[in-house]
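Topology and contacts: notes
Each chain, letter by letter, is given below.
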Amino acid sequence: MKTKHLSYLSGGLAVTLSIGASIATAQVTPTPIESGDNSLFSSRVLTTGLDNPWAMRWGPDDQIWVTERTSGEITRVDPETGSQQVLLTLDDVYTGPQHEGLLGLALHPGLLQDTGNDFIYIGYTVNDGSEAEPDPSAQIVRYRYDADTQQLVDKTVLISGMPAGNDHNAGRVVFGPDDKLYYSIGEQGHNFGRNLRKPNMALVLPTADEVGREDWRTYSGKILRLNLDGSIPDDNPEIEGVKSHIFSYGHRNPQGLAFGENGTLYEAEHGPATDDELNIIQAGGNYGWPRVAGRIDDKNYLYINWSEAPEDVSENADPLPESVPQFPESTFEGDMVEPLATYFTVDDDYPIGQICGYICDPTIAPSSILPYTAGEDGIAEWDNSVLLTTLKHGTLYVQQLSEDGTAAEGDPVAWLSTQNRYRDVLVGSENRVFIATDAFGSAAQKFGDGLNTSILHNPGSILLYTYGEEGGSDLGMTRSSQTVEEARADGIASDNPKEFEDPNTGKETAPDDVAAVMPDSEVMEVVARGGPQFAQTCSTCHGPAGRSDAAAVLAENEKLADAGYVASTVVHGFGYMPAFGSQLSDTEIAEIGTYIRNSWGNDYGVLTTDDVAQAR
């Protein structure tokens, strides 16, 4: 039995806030969003030091079972003390900056009930290629819990060879009331960003021959329904004449998936730069992506099929030539299940990418979903709702539902907002709300003068909020949102970094004719190219002059003389610093590194493109 060494706090949240610090107006939303009364909750950090906690389940032992995406560990956390016990460490998990690794977790209802079903189910990515040329795929695996050793043993692969990639893997695992497994798969970000020229398969369905050969390539952008042994249920929907694991299709990145008490399957998925969705999943339902984002309204979205565009046409061409296939939403002729709500739909003149980059775009990045019914003694303000954790906003959005749970009522209400990336939420006994946070990434800035930041106040943690407990909370100080008009009135600059994975945010790709940084490159020419990139990518944490209390001091730093150290740190990350290897090219990193190595009293020459390539 392995027990982790960790630190946790028994007092208030470890938020970096000094007396008299100015409070930012928090995340930007198209319309004002009401904030809940956070004084109804006490708050503390339950536990820290988790390697990107991804999915939490309340176990029959009254412990929190959690997956850690980047370490490949399944850990059991005591909800009273925060102590951690590792139950399993995967030896074949393939991880990446944001979307690959150990993801979803489901517990068999018979676990620890003397039924012989002491099983847990997980979804994770593996590498079928090499380290130099990775070829990720996803699989669902069952383990048995051994009560004597308190470890997970007897690995059984239920299904393997499912699509995975460096973007939009989703990965939520749910044990259904019908004793079936449900699994969400994203579309790997195809037709966007670094995967721009790859065909998006979210609306592509398998042939009978492919199903017979267990070729699951078309499972991208789908929600699957499986028997507990991984086989195809007899009562799965037959879609276009073929029965497979596919339960619904046309999804982008469905990270939220959960059943309500009424048996309704709710889903939340990430939109592009607009139109995150709240859906009810219907058997055989088509949810429209990539032809439709949100509803069929032709608002701020146009499907451009780059996989069939001429190779010599740039995505930055304006206007796009007719040789590039383009489809307004209104041209979609298939039957489509409309979302219950979108977060948020805006008109074409909305300033996408112009307020503070993608963090201020009209999406919330819903990372999980939890239907909630208060009953007689629960959290009355949240009764008959779904709870949505958000990555960009570090906020728990509570979306009220109609009495029968089939419609959304009004806008969501923002609760428990902090400067973090919220990954998953769990409501335990005694009205305790547990929220897991990412270990790194960007989010809305809640304190100070900015609107976006990569400084997270509680990285890799589980936060505990207790309803009705004396002691209160300082979280009521944080406003839930500001409108785009308010952000513009504050004079926010428009030259901010854009979301890398979404070209609709307006980020321009590096020109093809930018030369690699060579050992004999002119230092000051490279510095001139790296300076603006440092300002966009790094200065929020390190400061414009290379000095900041929030990150390592770069000014007069002798460690920067080691080119390999600089390249490796930027590519792979270090401590709380996120990895930028998947977001920046080798030459872009070389230019930024050269700027750092030759500014603020440093004089260490160029960081070459080859230095960065070797660090990968």
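This text follows the structure it describes.
Quick summary incoming for the structure in this document. None of these values were measured; they are calculated from a predicted model. Starting afresh in each chain, residues are numbered from 1 along the sequence in its written order. Side-chain atom pairs in this predicted model are given and counted only at pLDDT of 80 or more, local residue features only at pLDDT of at least 70, and totals for whole chains, interfaces and linings cover all residues. Just so you know, side-chain values use all the structure's heavy atoms and leave hydrogens and water out.

**Here's the deal with the pairing of strand S18 (residues 253–259)**
- Here's how the labels work: a residue is buried when its accessible area is under 20% of the maximum for its type, exposed when over 50%, partly exposed in between, all with a 1.4 Å probe on protein chains only. A run of H or I in DSSP counts as a helix once it spans at least four residues, and a run of E counts as a strand once it spans at least two, with each numbered from the N terminus. With six of its seven residues buried, S18 lies for the most part within the structure.
- Two strands pair under a simple rule: DSSP has to find at least two bridges between them. Connecting S18 to the antiparallel partner strand S19 (residues 265–270) that follows it, the hairpin turn spans five residues, and Gly 263 within it adopts a positive phi of roughly 85°.

**Things to note about the pairing of strand S30 (residues 432–437)**
- Across the six residues of S30, six count as buried, placing the element largely inside the fold.
- Here S30 shows no split at all, with Arg 432, Phe 434 and Ala 436 on one side and Val 433, Ile 435 and Thr 437 on the other all buried.
- Across five bridges, the pairing between strand S29 (residues 422–427) and S30 is antiparallel. The residue bridging Tyr 422 from the neighbouring strand is Thr 437, located in S30.
- When S30 meets strand S33 (residues 462–467), the two strands line up antiparallel, connected through five bridges. Looking at the pairing, Phe 434 lines up with Leu 464 of S33.

**With respect to the nonpolar core**
- Phe 534, Ile 589, Ile 592, Ile 596, Trp 600, Leu 607 and Val 612 are the most contacted members of the largest nonpolar core, which has 25 residues in total.
- Secondary structure elements with two or more residues in this core: helix H3 (523–537), helix H5 (563–572), helix H6 (586–597) and helix H7 (609–615).
- In this description, contact between two residues means that some pair of their heavy atoms is separated by no more than 4.5 Å. Apart from residues no more than four positions distant in its own chain, Val 612 is found in contact with Ala 567, Val 571, Asp 586, Ile 589, Ala 590 and Leu 607.
- Counting residues in each nonpolar core, the second largest holds 24 residues, with Tyr 121, Ile 140, Ala 164 and Trp 216 among its members. Buried residues of nine kinds, namely Ala, Val, Leu, Ile, Met, Phe, Trp, Tyr and Cys, make up a nonpolar core once their side-chain atoms join them within 4.5 Å.

**Some thoughts on the sheet that holds strand S27 (residues 396–400)**
- Spatially, four strands are ordered S25-S26-S27-S28 in an open sheet, and the strand pairing comes out antiparallel. The open sheet has two free edges, formed respectively by strand S25 (366–372) and strand S28 (413–415), since each of these has just one partner strand. Geometrically, the sheet is characterised by an average inter-axis angle of 25° between neighbouring strands, direction not taken into account.
- Direction of pairing for strand S26 (residues 385–390) relative to S27: antiparallel, over a ladder of five bridges. Each residue of the ladder has a partner; that of Ser 385, found in S27, is Gln 400. Note on geometry: axes are lines fitted to C-alpha atoms, helical ones only across the stretch in contact, with angles between N-to-C directions running from 0 to 180 degrees.

**Focus on the side chain of Asp 424**
- For Asp 424, the location among the structural elements is in strand S29.
- By relative accessible area, which is 6% here, Asp 424 ends up buried.
- Distance and chemistry together define a polar contact, namely a pair of N or O atoms within 3.5 Å, with one atom able to donate a hydrogen and the other to accept it when in protein, and with adjacent residues in sequence counting only for side-chain atoms on both sides. For Asp 424, the side chain forms a polar contact with the side chain of Ser 368, separated by 3.2 Å.
- Look past the residues within four positions of Asp 424 in its chain and what remains in contact with it is Trp 54, Ala 55, Met 56, Arg 172, Ser 368, Thr 389, Phe 434, Ile 435 and Ala 436.

**So, the packing of aromatic side chains**
- Ring pairs are drawn from Phe, Tyr and Trp, using the six-membered ring of Trp, whenever the two centres fall within 6.5 Å, and their geometry is named by plane angle: stacked under 30 degrees, edge-to-face over 60, tilted for the rest. Applying the stated criterion to the full structure yields 18 aromatic pairs.
- A ring pair is formed by Tyr 182 and Phe 259, whose centres lie 5.1 Å apart and whose planes are at 75°; its orientation type is edge-to-face. You can see Tyr 182 sitting in strand S13 (residues 181–185) and its partner Phe 259 sitting in strand S18, a full 77 residues away along the chain.
- A relative accessible area of 3% means that Tyr 182 is categorised as buried.
- With a centroid separation of 5.4 Å and 90° between ring planes, the pair formed by Tyr 595 and Trp 600 is classed as edge-to-face.
- The structure contains a cluster of three or more aromatic residues connected by ring pairs, namely Phe 41, Tyr 372, Trp 382, Trp 415 and Tyr 467.
- In this structure, Arg 142 packs its charged tip against the face of Phe 119, placed 4.4 Å from the ring centre.
- Distance and angle both matter: a charge sits over a ring if NZ of Lys or CZ of Arg is within 6 Å of the ring centre and within 35 degrees of the ring normal. Lying over the aromatic face of Phe 192, Arg 252 brings its terminal NZ or CZ to 5.5 Å of the ring centre.

**Some points on the pattern of salt bridges**
- The working definition used for a salt bridge is a side-chain nitrogen of Lys or Arg within 4 Å of a carboxyl oxygen of Asp or Glu. Applying the stated rule across the entire model yields 16 salt bridges.
- Among the salt bridges present, the one from Arg 423 reaches Asp 438, with a minimum N-O distance of 3.0 Å. With Arg 423 in strand S29 and Asp 438 in the loop between S30 and strand S31 (443–444), this pair connects stretches of sequence that are 15 residues apart.

**Things to note about the sheet that holds strand S9 (residues 119–127)**
- Reading across from one edge, S8-S9-S10-S11 is the order of the four strands in this open sheet, with antiparallel pairing throughout. What marks the edges here is a single partner per strand, and that holds for strand S8 (102–107) and strand S11 (151–163). Ignoring which end each strand starts from, the neighbouring axes of this sheet average 20° apart.
- Where S9 and strand S10 (residues 136–146) come together, nine bridges link them in antiparallel fashion. Following the sheet pairing, Asn 127 is matched in S10 by Pro 136.

**Considerations on H6**
- Take the number of residues in a helix, subtract one, and multiply by 1.5 Å to get its expected span. Taking 1.5 Å per residue as the helical rise, H6 with its 12 residues ought to reach 16 Å, and the 16 Å between its terminal C-alpha atoms agrees with that figure.
- When you tally the buried positions in H6, you get 12 out of 12 residues, the bulk of the element.
- Residues of H6 that are buried: Asp 586, Thr 587, Glu 588, Ile 589, Ala 590, Glu 591, Ile 592, Gly 593, Thr 594, Tyr 595, Ile 596 and Arg 597.
- Structurally, H6 contributes buried residues whose contacts are with H3, H5 and H7.

**Regarding H5**
- Among the residues making up H5, those that are buried are Ala 563, Val 566, Ala 567, Thr 569, Val 570 and Val 571.
- The inward-facing, buried residues of H5 contact H6 and H7.

**With respect to unusual backbone geometry**
- Here the bond from Trp 289 into Pro 290 is cis, since omega is 10°, no more than 30 degrees from zero.
- Inspection of the secondary structure puts Pro 290 in the loop between strand S21 (285–286) and strand S22 (302–304).
- Even without being a glycine, Glu 240 presents a positive backbone phi close to 50°.
- Despite not being glycine, Asp 298 shows a phi value in the positive range, around 55°.

**Looking at the packing of H3 against H6**
- It is at 7 Å that the axes of H3 and H6 come closest, and there the two elements cross at 100°. Judged by the inter-axis angle, H3 sits roughly perpendicular to H6. In this structure, H3 uses Val 523, Val 526, Val 527, Arg 529, Gly 530, Gly 531, Gln 533, Phe 534 and Thr 537 to contact H6, whose residues at the interface are Glu 588, Ala 590, Glu 591, Ile 592, Thr 594, Tyr 595 and Ile 596.
- Across the contact of H3 with H6, the residue classes tally to eight nonpolar, five polar and three charged. Angular relationships are summarised with four words: roughly parallel below 35 degrees, roughly antiparallel beyond 145, roughly perpendicular across 65 to 115, and oblique for the angles in between. Residues were grouped as follows: Ala, Val, Leu, Ile, Met, Phe, Trp, Tyr, Cys and Pro as nonpolar; Asp, Glu, Lys and Arg as charged; and all remaining residues, including Gly, as polar.

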